[in-house]
Amino acid sequence: MIQRPDWHKFSPPLILVSREICQVSNPNAPATDAALKAAQDKLDAHVRETIEWHFNPATGCPFWLERAKSLGFDPRKAVQTYDDLKKFPSFEDEWLRGGPISRWIPQGLQGKGVYVFETGGTTGIPKSRMQIDDWKTDYENFSDTLPDDKFPKGSNWLMLGPSGPRRLRLAVEHLAQHRGGICFCVDLDPRWVVKLIKRGNMKEMEAYRDHVIDQALTILSAGHDIRCMFTTPKLLEALAQKLFDKGSSIKETGITGIFSGGTEFTPQWYRFAMEELLCDPNNPESGPVFMTPTYGNTLMGLACGKPFDPADNYKITYFAPQPRAVIEVVEFKDYNTLVPYGGTGRVKLTTLTKETFIPGFMERDEGEREKPIARYPWDGISGTRPFHEFAKSTTVGVY
Amino acid sequence: MIDIPVLRWGKPYDSMEKQEVVHFETGEPVARVSQANGAMVKMDRRFAQRARDALRQFSIDQLLEMMGKAGDLYLNATLPIGNGTQTPADFCRMQSATTGLPEHMAAFNMRKNHFVLTHMREILEALTRGLPFDILSKGFGKENRGVMLSYQANSPVLGLVLPSNSPGVHTLWLPAIALQIGLVLKPGSQEIWTPYRMTEAFYQAGIPREAISLYPGGHDVGPAVMEACDRSMIFGGQATIEKYAGNPRVQVHGPGFSKILLGDDIVDDWRKYLDIMVDSIFLNGGRGCINASSIWASRHTAEIADAIAQRIGSVAPLPMTDPKASLAAFTVKGQAEGVSAQIDEGCQESGVTEVTAKYRNGPRLVQHERCDFLRPTIIHATSPEPTLTRAEYMFPFGVVVECPQDKMIAEIGPTLVCTALTHDAKWKQKLLDATNIDRLNLGEVKTLQLNWLQPHEGNIIDFLFRNRAVQTEAPLAH
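Residues numbered from 1 in each chain as written. Chains lettered and ligands numbered in written order. Predicted model: local features only at pLDDT ≥ 70, side-chain atom pairs only at ≥ 80, totals over all residues.

Section: the overall build of chain A
Argument step 1. Across its full length, chain A carries 12 helices and 13 strands.
Argument step 2. In summary, chain A has a C-alpha radius of gyration of 21 Å against a globular reference of 21 Å for 399 residues, a match within 12%.
Argument step 3. Expressed along its principal axes, the backbone C-alpha trace of chain A runs to roughly 70 × 45 × 40 Å.
Argument step 4. In chain A, buried positions account for 42% of the 399 residues.
Argument step 5. Considering only intrachain contacts with a sequence separation of at least 6, the fraction spanning at least 24 residues in chain A is 68%. (Helix = DSSP H or I, 4+ residues; strand = E, 2+ residues; numbered from the N terminus. Rg over C-alpha atoms; globule rule 2.2 N^0.38 Å. Buried ≥ 20, exposed ≤ 12 C-beta atoms within 10 Å, placed from the backbone. Contact = placed C-beta atoms within 7 Å.)

Here is the structure:
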């Protein structure tokens, strides 16, 4: 009889982005050796459990069980640490395109309600990831990193970002509910925006953007006590400008906390937003609305930003939600070698959840490797931007 | 190295994102330029009216005096730039270093800008047809013959998305300040020099700082300038022209496809006009939209092509500091190679011959480590059909096209500057009626010889102001 691993027995302590970590006295201090070792030990243990789950015929998904036959090694024996994941060949993102999506559903989770979230997809078949509860877990963990005075519990949210097949819309709504609030949403189809830009139809693109912003303004003016918001840098700019034109500001709407993200969230943009977009021109001394940067996608979940420190001069450093996902900054020519701290490399993502195992997915971004800190005792990344070899053909910051 | 800030209505803004502008031959940084973003442009748009208000504190007459002073300062003075200073010689050296234009051509463009600034009064008088300047300032008034007129500014500011490779275009926006219209400039990434030096000259001459913004930056800044300003000019290729065609808020400046047409009545004396043809193709590195890209005649075309080729075919690249240097460098990797390949491909078509090849003693494409050059190229085409007859490239390139006179106007297509050499009155009238020709030279005028008292690609007065009605009393009963 095949024995199923009891995932629930070990999962709670392995979620490292927890309130416990957020409460370290100086979150930005360098991580101690003890904290580093503890984090590494937990990651290695998490890897072993994840591999056991995904390659056990009773619990694994058809894709990995089939792939295991051609690996040339038995992952359940050969992979004992995170470093052992290098034994897997490169993960090809084409595997995520097309069906059947059921090949990714672990046997151990059969019968549960499945969501499909897509990424890309302006042309051709999008990459998709099936999820059951991961999106909720990711955002519940992320919730623990949000300061309650800026994102008050029980207050309502505005989700002003891409909707449709992306998980953001549902995830932000869940985040609001998890924090005791209600989420108001505005539709936005980024694939249509990309098409308009590629056609050079900027006027239509501007009209669509205005249509989206008008809806946001209507919601904000409707007396729903919205205090928290997710939006993208481009939409934040457009919302702020529209409010300024009306003699108001984001601050004046009552919003006290914003999270935003993407490769457009550069240090200069962060500074510009904090110094200008998020201030109230009628009351400049009151300071900006709080905003925290995030970096994430459907595969990873949400990487949190290092807590704001004036000494960082708006430098943004992200830390993956380890051990559920791990980010490495690797050499452009050798994806199995980390760059030195401060060095530049491509982003390599490993997803290690009960629902999804993706070892060594090469992201379309690059950045600089950063040292661990007390709150996040594992490697971080700063300066995220489109991978230079793809940058010319990538349309970024469209919504 | 000089650090150059963004200027937001005159206030320097030191961005955390900077771009190094490098010497095109050595790769050494020449300046570090703060980068704006589109949101910044849109944020500052709210103060556009303040720019016009600041300029309207002065009369147009006072501003014209300041323009003249600014022209002298621009040409002769040591002026601030970022955290450093710049002499006129520095300016030429820096502009040459980042754009690939020989230094003496940079100096020529300085003199051209100086001429326009110091003759701005005559230029505005000509472009307004003698309108009292007060009418533009106040918005209405009576002209000398007692008729009430109103001119309303279409926008408090003029936006400019400027090119990286053509320092000659700046004369087009210089009248704005004198017309009490503020400036929102997005300089080209390699040619930041003229906008910054001109702005500093304006400031030193007394123009209010809050009248001008300068936003060097990335891909989102140009569209933001166009969105933020109710009137703007953009410089670009054919795709840019097509994109903004018919948009009344935008004046597009792109390829000129300028030409010289020889009438049947004078073509047998073509040798007499050889200097006009050679200079129109060759001067200023052949880079401008006002350089001729083709010569049209009904006969002697092979001889004309050969004579031009003999004059310029042997010209080779020289150091940028050499006063005889007549070719500008291509600083974008692969661009010259691509152009040369296109020409070779075009020469495969029937009836097309490159005439310069036999006078050049070497290949057209001269490749250096960090830049390339294209040596003068003259093509002969026995009809208007081949693709190359409609080509324009940024180096001395011209096609001599054989075409019957009665078909020329229809065949030449859009033409920014057309020099027609003819005494044929009927044909002259047809040329005057041809709407595909913008500037028409009827006589022995090189295509580059622009009279600034005449409008260029549209009258800037008509672009910036709307002639509408204002009545202060009831008209006579009728």
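Quick notes on the overall build of chain B
Argument step 1. Looking only at helices and strands, one finds 18 helices and 24 strands in chain B.
Argument step 2. Computed over its C-alpha atoms, the radius of gyration of chain B comes to 23 Å, within 12% of the 23 Å expected for a compact globule of 478 residues.
Argument step 3. On the principal axes, the C-alpha backbone points of chain B span a range of 70 × 65 × 35 Å.
Argument step 4. When contacts within chain B are restricted to residue pairs at least 6 apart in sequence, long-range pairs at least 24 apart make up 73% of them.

Focus on the interface of chain B and chain A
Argument step 1. Listed per partner, the contact involves 12 residues of chain B and 15 residues of chain A.
Argument step 2. Taken together, the elements giving at least two residues each to the side of chain B that touches chain A come down to helix H1 (38-44) and helix H10 (221-228) of chain B.
Argument step 3. For the side of chain B that touches chain A, the element with the most residues is H1 of chain B, which contributes 4 residues.
Argument step 4. For the side of chain B that touches chain A, the per-class residue count stands at 5 nonpolar, 2 polar and 5 charged. (Nonpolar A, V, L, I, M, F, W, Y, C, P; charged D, E, K, R; others polar.)

Considering unusual backbone geometry
In terms of backbone geometry, most residues other than glycine have negative phi values and most peptide bonds are trans.
Argument step 1. Note that the residue after Gly99 of chain A, namely Pro100 of chain A, is joined by a cis bond; omega there is 0°.
Argument step 2. Note on placement: Pro100 of chain A falls in the loop between helix H5 (75-78) and strand S1 (115-119).
Argument step 3. Of note in this structure, Asn361 of chain B is not a glycine but carries a positive phi near 55°.
Argument step 4. Position of Asn361 of chain B among the secondary structure elements: in the loop between helix H15 (357-360) and strand S18 (365-367).

Side note on the domain arrangement of chain A
Quoted interface sizes are often the accessible area lost when the parts come together.
Residue and element names in this part refer to chain A.
Argument step 1. Domain annotation for chain A reports domain 1 (27-115 + 320-399) and domain 2 (133-298).
Argument step 2. A C-alpha centroid distance of 28 Å is found between domain 1 and domain 2.
Argument step 3. Taken together, the contact pairs 14 residues of domain 1 with 18 residues of domain 2.
Argument step 4. The element contributing the most residues to the side of domain 1 that touches domain 2 is strand S13 (residues 380-386), with 3 residues. (Domains from an automatic or database assignment.)

Observations concerning the nonpolar core
Argument step 1. Membership of the largest hydrophobic core comes to 230 residues, with the highest contact counts inside it found for Trp157 and Leu239 of chain A together with Ala70, Ile177, Leu183 and Val225 of chain B.
Argument step 2. Ranked by the residues each element gives to this core, the list is headed by helix H3 (residues 60-76) of chain B, at 8 residues. (Core = buried A, V, L, I, M, F, W, Y, C linked by C-beta atoms within 7 Å.)

So, the sheet that holds strand S23 (residues 437-442) of chain B
Residues and elements named next belong to chain B.
Argument step 1. Spatial ordering of the open sheet is given by S17-S20-S21-S16-S15-S22-S23, a layout of 7 strands whose pairing is mixed. In this open sheet, the two edge strands, each paired with only one partner strand, are strand S17 (352-354) and S23. Ignoring which end each strand starts from, the neighbouring axes of this sheet average 20° apart.
Argument step 2. In this sheet, strand S21 (residues 397-402) lies alongside strand S16 (residues 292-297) in parallel orientation, the contact comprising 4 bridges. Of the residues in S21, the one forming a bridge with Trp296 is Val401.
Argument step 3. Packed on one face of the sheet, helix H17 (residues 425-433) meets strand S22 (415-421) and S23 and runs near 150° to S23. (Pairing = 2+ DSSP bridges. Axes fitted to C-alpha atoms, helices over the stretch in contact; angles between N-to-C directions.)

Focus on the domain arrangement of chain B
Residue and element names in this part refer to chain B.
Argument step 1. For chain B, the domain assignment lists domain 1 (2-254 + 458-468) and domain 2 (258-442).
Argument step 2. Listed as interface residues are 15 residues of domain 1 and, on the opposing side, 15 residues of domain 2.
Argument step 3. At the level of secondary structure, the elements contributing two or more residues to the side of domain 1 that touches domain 2 comprise helix H4 (88-99) and helix H5 (103-118).
Argument step 4. When residues in the side of domain 1 that touches domain 2 are grouped by element, the largest group, 3 residues, is from H5.

A closer look at the packing of H4 of chain B against H5 of chain B
Think of two packed helices as two axes; the pair is described by the angle between the axes and how far apart they sit.
Residues and elements named next belong to chain B.
Argument step 1. Interhelical geometry of H4 versus H5 gives an angle of 120° and a closest axis separation of 8 Å. The pairing of H4 with H5 is recorded here as oblique in orientation. Remark: the crossing between H4 and H5 carries right-handed chirality. Each of Pro88, Phe91, Cys92, Arg93, Gln95 and Ser96 in H4 lies in contact with H5, whose residues at this interface are Glu103, Ala106, Ala107 and Met110.
Argument step 2. Broken down by class, the residue content of the contact of H4 with H5 amounts to 6 nonpolar, 2 polar and 2 charged. (Parallel < 35°, antiparallel > 145°, perpendicular 65-115°, else oblique. Left-handed = near helix turned anticlockwise from the far one by under 90°.)

Notes on the sheet that holds strand S8 (residues 140-142) of chain B
All names here are of chain B.
Argument step 1. The 3 strands are arranged S8-S9-S24 in an open sheet whose pairing can be described as antiparallel. Each edge of the open sheet carries a strand with a single partner, namely S8 and strand S24 (465-468). Pairs of neighbouring strands in the sheet enclose a mean axial angle of 30°, with direction left out of account.
Argument step 2. The pairing of S8 with strand S9 (residues 148-153) spans 3 bridges and is antiparallel. Its bridge partner lying in S9, Lys142 is registered against Met148.

Concerning the packing of H3 of chain B against helix H9 (residues 193-204) of chain B
All names here are of chain B.
Argument step 1. Across the interface, H3 lies against H9 with an axial gap of 8 Å and an inter-helix angle of 130°. If you check the angle between H3 and H9, you find them oblique. The interaxial crossing formed by H3 with H9 has right-handed handedness. Between H3, through Ala70, Leu73 and Tyr74, and H9, the contact on the second element is made entirely by Arg197, Met198, Ala201, Phe202 and Gln204.

Brief notes about the pairing of strand S4 (residues 18-22) of chain B
It is a general feature of regular strands that their side chains alternate between the two faces of the sheet.
All names here are of chain B.
Argument step 1. In this structure, S4 lies alongside strand S5 (residues 29-34), joined through 5 bridges in antiparallel fashion. When the bridges of S5 are listed, Val21 appears paired with Ala31.
Argument step 2. Taking the residues that link successive antiparallel strands as the turn, the S4-S5 hairpin has 6 residues, and the phi of Gly27 there is positive, at about 80°.

Considerations on the confidence of the model for chain B
Argument step 1. Summarising the model, chain B shows a mean pLDDT of 95, and 100% of its residues fall at 70 or more.
Argument step 2. Interface confidence for the predicted complex, expressed as ipTM, amounts to 0.83; the pTM equals 0.88. (pLDDT = per-residue confidence, 0-100.)

Quick notes on the confidence of the model for chain A
Residue and element names in this part refer to chain A.
Argument step 1. Confidence along chain A averages 89 in pLDDT terms, with 91% of residues attaining 70 or more.
Argument step 2. Within the model, pLDDT remains below 50 along residues 1-22, and this stretch shows 35 contacts once partners closer than five positions in the same chain are excluded.
Argument step 3. Note on residues 394-399: pLDDT under 50 across the span, and 23 contacts to partners over four residues away in sequence or across chains.

Looking at the pairing of strand S11 (residues 344-352) of chain A
Residues and elements named next belong to chain A.
Argument step 1. The buried count for S11 comes to 8 of 9 residues, which makes it a mostly enclosed element.
Argument step 2. In the sheet, strand S10 (residues 325-330) pairs with S11 via 6 bridges, with the strands oriented antiparallel. Opposite Ile327, over in S11, you have Leu349 as the bridge partner.
Argument step 3. Pairing of S11 with strand S12 (residues 357-370) involves 7 bridges; the strand directions are antiparallel.

Regarding H4 of chain B
Residues and elements named next belong to chain B.
Argument step 1. Taking 1.5 Å per residue as the helical rise, H4 with its 12 residues ought to reach 16 Å, and the 16 Å between its terminal C-alpha atoms agrees with that figure.
Argument step 2. Along H4, the residues classified as buried are Phe91, Cys92, Met94, Gln95, Ser96, Ala97, Thr98 and Thr99.
Argument step 3. Contacts from the buried residues of H4 go to S4, S5, strand S7 (84-86), H5 and H9.
Argument step 4. Once H4 finishes, Gly100 follows within two positions and takes phi at roughly 85°, a positive value. (Expected span 1.5 Å × (residues − 1).)

Focus: helix H13 (residues 301-312) of chain B
Residues and elements named next belong to chain B.
Argument step 1. Over its 12 residues, H13 runs 17 Å from end to end, which matches the ideal 16 Å to within 8%, given 1.5 Å per residue.
Argument step 2. What H13 keeps buried is the set Thr301, Ile304, Ala305, Asp306, Ile308, Ala309 and Ile312.
Argument step 3. Packed against the buried residues of H13 are helix H12 (274-282), S16, H15, strand S20 (377-381) and S21.

A look at the environment of Asp148 of chain A
Argument step 1. Positionally, Asp148 of chain A belongs in the loop between helix H6 (134-143) and strand S3 (156-160).
Argument step 2. Judged by the 11 C-beta atoms lying within 10 Å of it, Asp148 of chain A is exposed.

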